[in-house]
Amino acid sequence: MMRRYFYAAERVGQHLTGYIVFSQTSFDKEYSLESRTYVVTSDNKAYRPNMGGYSIFASALDGSDPCVRLDLYMADEHGGADGWKIERCYMTVDEVEKAKALLNQEKVRER
């Protein structure tokens, strides 16, 4: 759902922020929850319409891994079968409310 929200936001030139938590089983050593949680915004080529490339940059919540090109590591993207697996994605309540309003605006425009 977060991906859908991100697409909707970028179609109207707004940006949203969310969090992607990767499963501990994606790594061969122990990492804290904060190290496995990446802050990502919709202001990435993957979510912006009519972009000539595809990338998702994010930073670890604890600051240990800044500005990582996640799409190269994620199993659901270009990381392949051995890539990092998503445990969960989430957004703050304020960001979700903003995203829902953007989706509602899209529905009204489509009519």
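Peer 1: It is not clear to me how the packing of aromatic side chains should be interpreted in this structure. Could you clarify?
Peer 2: To describe a pair of aromatic rings, one takes the distance between the centres and the angle between the planes. This structure, assessed with the given rule, holds nine aromatic pairs. Taken together, a centroid distance of 5.0 Å and an interplanar angle of 85° make the contact between Phe6 and Tyr47 edge-to-face. Of this pair, Phe6 sits in helix α1 (residues 2-11) while Tyr47 is found in the loop between β2 (37-41) and β3 (57-60), placing the two residues 41 residues apart along the sequence. Taking relative accessible area as the criterion, Phe6 reaches 0% and is therefore assigned buried. Classification of Tyr47 by relative accessible area gives buried; the value is 7%. Taking the centre distance of 4.9 Å and the plane angle of 15° together, the rings of Tyr19 and Tyr90 count as stacked. Of this pair, Tyr19 sits in strand β1 (residues 17-22) while Tyr90 sits in strand β5 (residues 86-90), and the two are 71 residues apart along the sequence. Residue Tyr90 is classed as partly exposed on the basis of its relative accessible area of 29%. Members of the aromatic cluster, connected to one another through ring pairs, are Phe22, Phe27, Tyr31, Tyr38, Tyr73 and Trp84.

Peer 1: Please explain the state of the cysteines as it appears in this structure.
Peer 2: Defined simply, a disulfide is a covalent bond joining two cysteines at their sulfur atoms. Summed over all chains, the structure comprises zero disulfides. Cysteine Cys67 shares no disulfide, and the gap to the nearest cysteine sulfur, in Cys89, comes to 19 Å.

Rules used in this analysis
Residues numbered from 1 in each chain as written. Predicted model: local features only at pLDDT ≥ 70, side-chain atom pairs only at ≥ 80, totals over all residues. Heavy atoms only, no water. Phe/Tyr/Trp six-rings, centres within 6.5 Å; stacked < 30°, edge-to-face > 60°. Helix = DSSP H or I, 4+ residues; strand = E, 2+ residues; numbered from the N terminus. Buried < 20%, exposed > 50% of the residue type's maximum accessible area, 1.4 Å probe, protein only. Disulfide = S-S within 2.5 Å.

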